[in-house]
Amino acid sequence: MPADLPTITLNNGVEMPQLGFGVFQVPDDETTAAVTAALEAGYRSIDTAAAYQNEAGVGKALADSGIDRSDLFVTTKLWNADQGYDETLKAFERSRSLLGLEYVDLYLIHWPAPALGKYVDSWRALEKLTTDGLVRAIGVSNFQPSHLDKLAETASIVPAVNQIELHPYLQQAEVRAYDEEHGIATEAWSPLAKGGSLLGEPVVQAIAERLGRTAAQVVLRWHLQLGTIVIPKSVTPARIAENLDAFGFELTDADLAELAKLERDERTGPHPDEFNVA
Ligand SMILES: NC(=O)C1=CN([C@@H]2O[C@H](COP(=O)(O)OP(=O)(O)OC[C@H]3O[C@@H](n4cnc5c(N)ncnc54)[C@H](OP(=O)(O)O)[C@@H]3O)[C@@H](O)[C@H]2O)C=CC1
Ligand SMILES: O=C(O)C(=O)[C@@H](O)[C@H](O)C(=O)CO
């Protein structure tokens, strides 16, 4: 990894950049340009998913970049419709082939989709991918403590990562505490709450003005000081660079306390107990 990108050490010793680049809702034919801009700006971790239908565009940017494979960290995710042991192995192979990679750094179960009742079988398949050396780390996304408890009854590998919706409007104290207690790294999706009203909050604006930073940088800095992994998305080159520049300054304890007051238990996406779309 480039020396200047802080990493989080996952529970199996793998190093993951603390700040990466997300590509949800970027059409496949625009993804190569966005990921190329991100790699040129200095990102080395890319977050995609089978459901985003842009793994090929990500793979093309990675191949074109000429960056050493060992300096890249690529995450993709198993979609709900592909849950189940055999289905997971097939879906992984499809993702790996679209990405054009020999191995994936982090493979996640995208949602628990509890009504499907398949995430335990899917996890066994992720464990097999680990044994086969096709993934460096495996994890989950959108798992609540109840889902993680159920997984723990039969799993032989503890998830390395739990990727959840997390931002100042939805601080996820309970899930973060569970993750920490069990050695699972928490990763924040929609870390900017999708670039909406959060960035216009007076408290965010005031801190940004005092520090000579942007609102997005203040919010990303909040995540980094919490110790979570973040994957902001942008297709705008200036914002791609801006979002990576969240390291040369510190929020004070008073700033963190003010930002903590923005908690509203407000989601931009579905609740994991209820999202079973396949
Ligand atoms: N596991 C899961 O279930 C989920 C995972 N994810 C992952 O998390 C990533 C990030 O989440 P996402 O939902 O995309 O939302 P983000 O919180 O990253 O916000 C992205 C939005 O904010 C805008 N934006 C980005 N940077 C700035 C900036 N500096 N100033 C102002 N606006 C900005 C973007 O606009 P523009 O692009 O026009 O610049 C875009 O509209 C996804 O791309 C995906 O990889 C997301 C949802 C669910
Ligand atoms: O972006 C993702 O990774 C998601 O899983 C969600 O955004 C989800 O697919 C969704 O959009 C539900 O409304």
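Rules used in this analysis
- As a convention, each chain's residues are numbered from 1 in the sequence order in which they are written.
- Written order decides the labels, with chains lettered from A and ligands numbered from 1.
- With pLDDT at 70 or above as the cut-off, local features in this predicted model cover only qualifying residues; side-chain atom pairs require 80 or more to be listed or tallied, and sums for whole chains, interfaces and linings still use all residues.
- Only hydrogens and water are set aside when side-chain values are computed; all heavy atoms of the structure are taken into account.
- Only strands that DSSP links by at least two bridges are regarded as paired with each other.
- Every helix listed is a DSSP run of H or I at least four residues long, and every strand listed is a run of E at least two residues long, numbered separately from the N terminus.
- Definitions used throughout: a 1 Å grid over protein atoms alone; a cavity as a set of points that fits a 1.4 Å probe which cannot get out; a pocket as an open set with protein on both sides within 12 Å along at least five of seven lines; a lining residue as one with an atom within 4 Å of a point.
- Grid points are joined across faces, edges and corners, and a volume is the space filled by probe spheres set on the points.
- Each residue is assigned to one of three groups, with Ala, Val, Leu, Ile, Met, Phe, Trp, Tyr, Cys and Pro labelled nonpolar, Asp, Glu, Lys and Arg labelled charged, and all others, Gly among them, labelled polar.
- Note on terminology: near, applied to a residue and a molecule or strand, indicates that one of the residue's heavy atoms is within 4 Å of it.
- Contacts described as polar in this section are N or O atom pairs within 3.5 Å, which, within protein, must combine one atom able to donate a hydrogen with one able to accept it, while residues neighboring in sequence count only if both atoms come from side chains.
- Using the Shrake-Rupley algorithm and a 1.4 Å probe, accessible areas are obtained, with residue cover drawn only from the displayed protein chains.
- Any molecule with more than half of its atoms within 2 Å of a cavity's or pocket's grid points is counted as sitting in it.
- For the exposure calls, accessible area comes from a 1.4 Å probe over protein chains only, and a residue counts as buried if that area is under 20% of its type's maximum, exposed if over 50%, partly exposed in between.
- Directions pointing from the helix axis toward each C-beta atom define the arc.
- Residue contacts are counted whenever heavy atoms from the two residues lie within 4.5 Å of one another.

## With respect to the sheet that holds strand β6 (residues 104–109)
To summarise the sheet geometry, strands pair through backbone hydrogen bonds and adopt either a parallel or an antiparallel arrangement.
Line of reasoning, step 1. Read across the open sheet, the eight strands follow the order β3-β4-β5-β6-β7-β8-β9-β10; overall the sheet is parallel. Each edge of the open sheet is held by one strand with a lone partner, namely β3 (21–22) and β10 (229–230).
Line of reasoning, step 2. Pairing between strand β9 (residues 185–189) and β10: two bridges, direction parallel. Looking at β10, one finds that Ala188 is bridged to Val230.

## Regarding the layout of surface pockets
Line of reasoning, step 1. Counted as a void, the largest pocket has a volume near 780 Å³.
Line of reasoning, step 2. Along the wall of the largest pocket there are 36 residues; nearest its centre are Phe24, Gln25, Ser190, Lys194 and Lys233.
Line of reasoning, step 3. Among the elements that take part in the lining of the largest pocket, helix α9 (residues 237–244) stands out by supplying three residues, more than any other.
Line of reasoning, step 4. Across the lining of the largest pocket, the residue classes tally to 17 nonpolar, 13 polar and six charged.
Line of reasoning, step 5. Taken as a whole, the second largest pocket encloses approximately 190 Å³ of empty space.

## Describing the site of ligand 2
Line of reasoning, step 1. Near ligand 2 you find Phe24, Tyr52, Trp79, His110, Trp111, Pro270 and Phe275, and these make up its full shell.
Line of reasoning, step 2. Between ligand 2 and the protein, one listed contact pairs an oxygen atom with a side-chain N or O atom of Tyr52 at 2.4 Å.
Line of reasoning, step 3. The contact in question runs from an oxygen atom of ligand 2 to an N or O atom on the side chain of Trp111, over 2.8 Å.
Line of reasoning, step 4. For ligand 2, whose free accessible area comes to 330 Å², the fraction covered by protein is 71%.
Line of reasoning, step 5. Assessed atom by atom at 2 Å from the grid points, ligand 2 resides in the largest pocket.

## Comments concerning helix α6 (residues 173–181)
Turn by turn, an α-helix covers 3.6 residues, leaving residues three or four places apart pointing in a common direction.
Line of reasoning, step 1. Every buried residue belonging to α6 is among Val175, Tyr178 and Asp179, and all of these are buried. For α6, the buried positions fall inside an angular range of 100° around the axis, keeping them on one side. Residues Ala173, Glu180 and Glu181 are exposed on α6 and point more than 90 degrees away from its buried face.
Line of reasoning, step 2. Where the residues of α6 are buried, they touch α5 (145–152), β8 (161–165) and β9.

## Focus on the environment of Thr76
Line of reasoning, step 1. Along the chain, the position of Thr76 falls in strand β5 (residues 73–78).
Line of reasoning, step 2. A residue is classified by how much of its surface remains accessible, and Thr76, at 0% relative accessible area, is buried.
Line of reasoning, step 3. Through-space distance from the C-alpha of Thr76 to that of Leu148 is 20 Å; in sequence the pair is 72 residues apart.
Line of reasoning, step 4. Sequence-distant contacts of Thr76, that is, excluding residues within four places in its chain, are made with Thr48, Ala49, Ala50, Glu55, Ser95, Leu99, Val104, Leu106, Tyr107 and Leu108.

Keep in mind these values describe shape, not function.
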